[in-house]
Amino acid sequence: MKFSTQALWLVGFRPFFALACLAGLSLPVLWALVFSGALAAPAAPFSPTQWHAHEMFFGFGWAVMGGFLLTSTKNWVKIRGYHGTALMLLASAWLFERAGMWFAGALPPIVFRLSSNLFLASIIAMLLWSLIRHRQSDSFRDNYFFLIILPLFLVAKNLLLSDDHFQAGASMSMGLFRVAFLVMLERTLTQFMKNALQANILRNAVLDTAIKLLAVLLVFASLLPAPLSSWIGLLLALLLIGRFVYWKPQLAMRRLDIGIMYLGYLAIVAQLLLQFLDHLAQPAWIGSVPMHVFTFGAMGLIIPAMLIRIVNGHTGRKVVFDRLDKTVLWIMIAGFVIRIILPQVAPAGYLHWIELAAACWFACFSILAWRYIPYLLQPRVDGKEH
C-alpha cells in the first residue's frame, strides 16, 4: 500500500485533527516555558508575544479549521474532496510553517516568507476553488461568508507578524475566527439539538444574516473609530443574547457535550461585552482578558467537543461522549477559569495561573491524541471508504 493511500489521507479532518491535537498539547506549554523564562524565545524578527498569538491562531487554530473546512466543504458541494497526495503536501506545508516560525531568525527572509505563507495560501486557494467551482450544488447559500473571510486570513496573518500592526492583526484574526465560529454554530447546534434532544431552535434568516454581517464588519474593527467598533460589538452581543434565549439553553445545558458548545457561544458574547467595557471604562484587567475569553472560551471549549464528535462520526462510530470524553471537556472548563478568572482574583500568582492553564491544554489534547489519533490512522469501522 502506498503511503498516500493510507487511511490518514482519506479526508481532510484526519491529518489536520491529528496535527491539531499535537499543537494543542505542545504550543501552550512552549509559551508557558518561554513566558516564565525557562525556555529561550525563538530568535526571530518578531516578539515572543507575536509568536504565541500566531501559533495559536494559525498553527493550532488553522489545523482545526483546515481539517473542518476540508471535510465540510466537500459535503456541502457534494464532491469527493481533497485526499492522498494533496493532503500530504498540505500537512508538510503546515509542519514547514511551524519550523519556520521557530527558526525564523536563522532563515533568509525569502525562505521565512515562503514557510509562513505556503500552507495558508495553498489551503485557502483549494477551499475557494471547491466552493466557487461547485457553487451550483452548494447546500448552503450563506457560504459566501467563507468566500469573504478566507482570503482575509492571509492579510491578518501578515499583519500579526508586523511590528507596527500586531494589534490590528490580532484583532482581525480574532474577528475572522469569530465569523467562522458563528457560521459553524448556527449549522451544527441546529442539527445537534434536533437529533439529540428533538428540539427545534430559532432560525430566522434576517436575524442570522444580520449577526454574520455585523461579525464581518468587526473583522475591520481596528480600521474603524474605536467608539464605532465598540458599539457595533455591543449590538452584535445583544443580537446574540436575544437569539440565545430562543435556542433552548435550559435543554442544552443538561448535556455536557452540547452545553459546552453553548458556553463557547456565550464566550463570544462575553468577549464583545468586555471589549465594549474596555472602551467605556478601561478596567485594569490582569492580562489581555477580552482576547483570552475568546481563545480559551470559544476556541478552547468548542474545539475539543467538535473534534470528538467529528472523529467518531466520520470514522463510522457512534457519537457518544463517555466518561473520559467528558473529563476532557471539564479539564478545558477548568483551564478557562484558571486563565481568565483566577488572575483577576489573585494577580500575584499570574505566572502560576498561566502554567496551570497550559497544563490543562496539555492534559486535554494529550488524552485526545492518545485516544483519537489511532482512529484517524485506521479505516472507517463501518466499511465505507471515507
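*Asks:* An account of the overall build of the protein is needed here, citing residue identities and associated values.
*Replies:* Of the regular secondary structure elements, the protein holds 13 helices and zero strands. Going from the N terminus to the C terminus, the protein shows its helices and strands as α-α-α-α-α-α-α-α-α-α-α-α-α. Relative to the compact-globule value of 21 Å for 386 residues, the protein shows a C-alpha radius of gyration of 20 Å, a close match. Counting every position in the protein, which comprises 386 residues, the buried fraction comes to 55%. For the protein, restricting intrachain contacts to residue pairs at least 6 apart in sequence, the fraction spanning at least 24 positions comes to 78%. Taken as a whole, the protein presents about 16400 Å² of accessible surface, with 68% of it coming from carbon and sulfur.

*Asks:* For the packing of aromatic side chains, give the residues involved together with the corresponding values.
*Replies:* Per the stated rule, a full pass over the model turns up 23 aromatic pairs. Plain terms: the ring middles of Phe46 and Phe112 are 5.9 Å apart, the flat faces sit at 35° to each other, and that makes the pair tilted. In this pair, Phe46 is assigned in the loop between helix H1 (13-36) and helix H2 (48-77) and Phe112 in helix H4 (residues 109-133), connecting sequence segments 66 residues apart. Among the residues examined, Phe112 registers a relative accessible area of 6% and is labelled buried. Within the aromatic cluster, the residues linked to one another by ring pairs are Phe57, Phe58, Trp62, Phe153 and Phe177. In this arrangement the basic side chain of Arg187 is found over the ring face of Trp76, its NZ or CZ atom lying 4.6 Å from the centre.

*Asks:* So what's going on with the packing of H1 against H2? Which residues, and what values?
*Replies:* At their nearest, the axes of H1 and H2 sit 8 Å apart, and the two run at 165° to each other. With respect to H2, the axis of H1 lies roughly antiparallel. As H1 runs across H2, the sense of the crossing is left-handed. Residues belonging to the contact of H1 with H2 are distributed by class as follows: 19 nonpolar, five polar and one charged.

*Asks:* Which residues make up a nonpolar patch on the surface, and what are the values?
*Replies:* Together, Leu202, Leu238, Ile241, Val245, Tyr246 and Leu273 make up a nonpolar patch on the protein surface, roughly 530 Å² of accessible area in all. The leading source of residues in the nonpolar patch is helix H8 (residues 226-245), at three residues. By the secondary structure assignment, Ile241 is in helix H8.

*Asks:* Can you lay out the pattern of salt bridges for me, pointing to particular residues and giving the numbers?
*Replies:* Under the criterion given, the structure shown has 15 salt bridges. Residue Lys157 is joined to Glu97 by a salt bridge in which the shortest nitrogen-to-oxygen separation is 3.1 Å. A residue pair is termed long-range when its members are at least 10 positions apart, and Lys157 in helix H5 (residues 144-160) and Glu97 in helix H3 (residues 85-102) qualify at 60 residues. According to the relative accessible area criterion, Lys157 is buried, its value standing at 0%. Among the ionic pairs, Glu186 bridges to Lys212, the shortest N-O distance being 3.1 Å. You can see Glu186 sitting in helix H6 (residues 166-197) and its partner Lys212 sitting in helix H7 (residues 205-218), a full 26 residues away along the chain. For the pair Glu186 and Lys212, a shared accessibility class is recorded, and that class is buried.

*Asks:* Any details on unusual backbone geometry? Residues and values, ideally.
*Replies:* Glycine aside, the phi torsion of most residues is negative, and most peptide linkages are trans. For Gln198, which is not glycine, the phi torsion reads 50° and is therefore positive. Structurally, Gln198 is set in the loop between H6 and H7. When its relative accessible area of 64% is taken as the criterion, Gln198 is described as exposed. One non-glycine residue, Lys248, lies in positive phi territory at about 55°. Following the sequence through the fold, Lys248 ends up in the loop between H8 and helix H9 (249-252). Exposure remark for Lys248: the relative accessible area of 28% places this residue in the partly exposed category.

*Asks:* Could you give an account of the environment of Phe177, with specific residues and numbers?
*Replies:* Inspection of the secondary structure assignment puts Phe177 in helix H6. Taking the C-alpha atoms as reference, Phe177 lies 9.0 Å from Ile149; in sequence the two are 28 residues apart. Residue contacts for Phe177: discarding those within four places in its chain leaves Phe57, Gly61, Trp62, Met65, Phe153, Phe294 and Met299.

*Asks:* Please provide a residue-by-residue account of the packing of H5 against H6, values included.
*Replies:* For the pair H5 and H6, the least separation of the axes is 8 Å and the interaxial angle reads 150°. What the angle tells us is that H5 and H6 run roughly antiparallel. In the packing of H5 onto H6, the handedness of the crossing is left-handed. When H5 is examined against H6, the residues Phe146, Ile149, Leu152, Phe153, Val155, Ala156, Leu159 and Leu160 are found in contact with a partner set consisting of Phe166, Gly169, Ala170, Met172, Ser173, Leu176, Phe177, Val179, Ala180, Val183 and Arg187. The class makeup of the residues in the contact of H5 with H6 is 16 nonpolar, two polar and one charged.

What counts, and at which threshold
- Going along each chain's sequence as written, the residues are numbered from 1 onward.
- Per-residue local features of the predicted model are confined to residues with pLDDT of at least 70, and side-chain atom pairs are confined, for both listing and counting, to 80 or more; whole-chain, interface and lining totals are unaffected and use all residues.
- Heavy atoms from the whole structure form the basis of all side-chain values; hydrogens and water molecules are not counted.
- Helix numbering and strand numbering both begin at the N terminus, where a helix is a DSSP run of H or I of at least 4 residues and a strand a DSSP run of E of at least 2.
- For the radius of gyration, the atoms used are the C-alpha atoms, and the globule rule reads 2.2 Å times the number of residues raised to 0.38.
- Relative accessible area decides the class of each residue, using a 1.4 Å probe on protein chains only: under 20% of the type maximum gives buried, over 50% gives exposed, and in between gives partly exposed.
- Whether two residues touch is decided by their heavy atoms; if any such pair falls within 4.5 Å, the residues are in contact.
- In these tables, accessible area is a Shrake-Rupley quantity obtained with a 1.4 Å probe, and a residue counts as shielded only by the protein chains included in the view.
- Stacked, edge-to-face and tilted are the three classes for Phe, Tyr and Trp ring pairs, Trp counted by its six-membered ring, which pair at centre distances within 6.5 Å; planes under 30 degrees apart are stacked, over 60 edge-to-face, the rest tilted.
- Lysine NZ or arginine CZ positioned within 6 Å of the ring centre and within 35 degrees of the ring normal marks a charge as sitting over the ring.
- Inter-axis angles, ranging from 0 to 180 degrees, are taken between N-to-C directions of lines fitted to C-alpha atoms, where helices are fitted over the stretch in contact.
- Here the word oblique covers every angle except those under 35 degrees (roughly parallel), over 145 (roughly antiparallel) and from 65 to 115 (roughly perpendicular).
- Less than a right angle of anticlockwise turn of the near helix away from the far helix marks a crossing as left-handed, whereas a clockwise turn marks it as right-handed.
- Under the scheme applied here, ten amino acids are nonpolar (Ala, Val, Leu, Ile, Met, Phe, Trp, Tyr, Cys and Pro), four are charged (Asp, Glu, Lys and Arg), and all others, including Gly, are polar.
- Patches here are clusters of residues that have more than 30% relative accessible area and form no salt bridge, with a 9 Å joining cutoff for like charges and a 5 Å cutoff for nonpolar side chains (Val, Leu, Ile, Met, Phe, Trp, Tyr).
- Every case where a carboxyl oxygen of Asp or Glu lies within 4 Å of a side-chain nitrogen of Lys or Arg is listed as a salt bridge.

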